[in-house]
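Architecture and fold: a report
Take a look at the letters that make up each chain.
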Amino acid sequence: MNQAVQAEKPAAKRKPKETGVPENTQYLHPLMVKNYGDWKYHDRPRPGVLHHVAHGGDEIWTVRAGTARQMDVHTIRKLCKIADDYAESRVRFTIRSNIEFMVSEESKVAPLIAELESNGFPVGGTGNSVTMIAHTQGWLHCDIPGTDASGVVKALMDELYDEFRREEMPNRVHLSTSCCEINCGGQADIAIIVQHTKPPVINHDLVANVCERPTVVARCPVAAIRPAMVNGKPSLEIDESKCMCCGACYPPCPPMQINDPEFSKLAIWVGGKNSNARGKPTFMKMVASGLPNNAPRWPEVGAAVKNILTVYKEDARPWERIADWIERIGWPRFFEKTGLPFTKYLIDDWRGSRANLNASTHIRF
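What counts as what
Residues numbered from 1 in each chain as written. Predicted model: local features only at pLDDT ≥ 70, side-chain atom pairs only at ≥ 80, totals over all residues. Heavy atoms only, no water. Helix = DSSP H or I, 4+ residues; strand = E, 2+ residues; numbered from the N terminus. Buried < 20%, exposed > 50% of the residue type's maximum accessible area, 1.4 Å probe, protein only. Contact = heavy atoms within 4.5 Å. Areas by Shrake-Rupley, 256 points an atom, 1.4 Å probe, with all protein chains shown as cover. Lys, Arg positive; Asp, Glu negative; His and termini not counted. Charge placed at Lys NZ, Arg CZ, Asp CG, Glu CD. Disulfide = S-S within 2.5 Å. Pairing = 2+ DSSP bridges. Axes fitted to C-alpha atoms, helices over the stretch in contact; angles between N-to-C directions. Phe/Tyr/Trp six-rings, centres within 6.5 Å; stacked < 30°, edge-to-face > 60°. Lys NZ or Arg CZ within 6 Å of the ring centre and 35° of its normal. Core = buried A, V, L, I, M, F, W, Y, C linked by side-chain atoms within 4.5 Å.

Scanning the protein for helices and strands turns up 12 helices and 14 strands. Projecting the C-alpha coordinates of the protein onto the three principal axes gives extents of approximately 85 × 75 × 40 Å. Residue burial in the protein is summarised as follows: out of 365 residues, 46% are buried. A separation of at least 24 residues holds for 64% of the contacts in the protein among residues at least 6 apart in sequence. For the protein, the exposed area adds up to about 20,100 Å²; of that, 52% sits on carbon and sulfur atoms. For the protein, the separation between the mean place of its 45 positive charges and that of its 42 negative charges on side chains is 4 Å.

Let us now look at the state of the cysteines. The full count for this structure, using the stated rule, is 1 disulfide. Distance from the sulfur of Cys246, which forms no disulfide, to the nearest cysteine sulfur (Cys220) is 6.2 Å.

For the rest of this paragraph, the subject is the sheet that holds strand E4 (residues 91–93). Taking strand neighbours across the sheet as the criterion, the 5 strands line up as E1-E2-E3-E5-E4 in an open arrangement whose pairing is antiparallel. Of all strands in the sheet, those bounded by a partner on one side alone are strand E1 (39–46) and E4. Strand-to-strand twist in this sheet, taken as the mean axis angle between neighbours without regard to direction, amounts to 25 degrees. Pairing geometry for strand E3 (residues 59–66) and strand E5 (residues 98–103), over 6 bridges, is antiparallel. Paired with Val63 across the strands is Phe101, a residue of E5. Lying over the sheet, helix H4 (residues 109–118) contacts E1, strand E2 (49–54), E3 and E5, oriented at roughly 10 degrees with respect to E3.

Moving on, we come to the packing of aromatic side chains. If you walk through the whole model with that rule in mind, you get 6 aromatic pairs. Taken together, a centroid distance of 5.5 Å and an interplanar angle of 80 degrees make the contact between Trp331 and Phe334 edge-to-face. One end of the pair is Trp331 and the other is Phe334, both in helix H11 (residues 331–338) and 3 residues apart, which spans about a single turn. Both rings, one in Phe334 and one in Phe335, keep their centres 5.4 Å apart while their planes meet at 85 degrees; by these two values the pair is edge-to-face. Residue classification places Phe335 among the buried residues on the basis of a relative accessible area of 11%. One Lys or Arg, Lys198, reaches over the ring of Phe263 and ends 5.2 Å from the middle of that ring.

For the rest of this paragraph, the subject is the environment of Glu88. Mapping Glu88 onto the fold places it in the loop between helix H3 (73–86) and E4. With relative accessibility at 24%, the residue Glu88 sits in the partly exposed group. Here the alpha-carbon distance between Glu88 and Glu115, two residues 27 residues apart in the chain, equals 14 Å.

Ile190, Ile268, Val270, Trp325 and Phe334 are the most contacted members of the largest nonpolar core, which has 45 residues in total. Mapped by element, the contributors of at least two residues to this core are helix H5 (149–159), strand E8 (190–196), strand E13 (264–270), strand E14 (285–291), helix H9 (299–315), helix H10 (322–329) and H11. If one sorts the elements of this core by residue count, H9 sits on top with 7 residues. When sequence neighbours within four positions are dropped, the list of residues in contact with Val270 reads Ala188, Asp189, Ile190, Phe283, Met284, Lys285, Val287, Ile308, Ile322, Ile326, Trp331 and Phe334. Val207, Cys220, Val222 and Cys245 belong to the second largest nonpolar core, which has 19 residues in total.

See below:
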C-alpha cells in the first residue's frame, strides 16, 4: 500500500493568481526588448523627440505628446489609430500623462508629429521645458476634493502651451496640482494646492446615522476631533485651536463639510525637487495663499504661475532648477523679483513644525 501511495503522481501545484502590474516586456517595441540595457547614447533631435542608438547599431525614435490624464474612450481610440497608422502600433504613457510613440525609422517621425498636432496633441515636454502637470483625481474620483485638479491643469496648460512645446527654460520645470491639502500631487517646482481656511461645519443631525465616530476621531492627524453629545444625539466636536483645516475628516464623515465657496482657496508652492541632480532633494515652500477658487479657468492662479515662470526664465542661470535659483538669490529677492506679497500666512507656525520639517514629508498650511 505504501508503494502504491508513493507511485501516485503528485498533484499539480496551483498557479499563483497575479493581480498586480503585468510583465512590461510584452508591450515594449521589439527594438527596445532586443537592446534592453545596451544603449550606446541618446539625444534629442528636436523638442518632444528622443533618439536612442544601441551598441549594435539599432536606432529608435520616441515622439512624446501631451494628453489629458482623464480621457474618454473616443480620444483613446483616436490615439490608438494614430499609433497603428503612423507608429508601428507601440505606445506607452509617462508618469505625467504624456503618451510616447516609438518608431524604428527616422522617416516616420515627421508624419507622426504632423498627425498628432493636427489632432490637437502637442509634441514636447522633453528637456528644459515646462512638463505636463501631474495632478490628483479631482471631482471625478476623489472623495475629498476642494476643487477640480484636472480643471486647473487644463486651464493652466492652455496658458503654458508654447512652453511645453519648446525647450527654453533654464532647466526642466515640473508642475503639480492637488485638489486637497493631503497633496497627492507630490513635490514639484511649482505646485497648486487647495487651501481650506476654516474648520469643518458639522451637521449634528446626520453624524450619528452616517459616521463611525471612532474612525473619524482616529483620522485627525492633530487630535482636534472628539466625541460629543449635541441636542441629545451622539455627535462630534472640533477643537478649532488645534484644527489645521486639512479636510481628512470629511471622507469618513460627510456631515463634517469643509468645502466652502468663500473659504476654500488655492495656494502656490515652489521649490520642490525629488532628484539629487546638482543639488539635494528639497521640500516646497508656500509663496502665495488665498487665491480665489474660480472655476472653470482659475485666472488668478494662471497669472501667478506665469509670473513666477517668467521671472525664473529671465533670471535663473543655465541648469538651475527653481529650488537652486531661489537658494542662490534668497527668499527676500524672490519675493521682490516676482512681486508676490509676503504675509504671515506663508510662515509655518504650527507648534510641531520643528519636528515635522526634520522628519516628515507632509505638507501643512
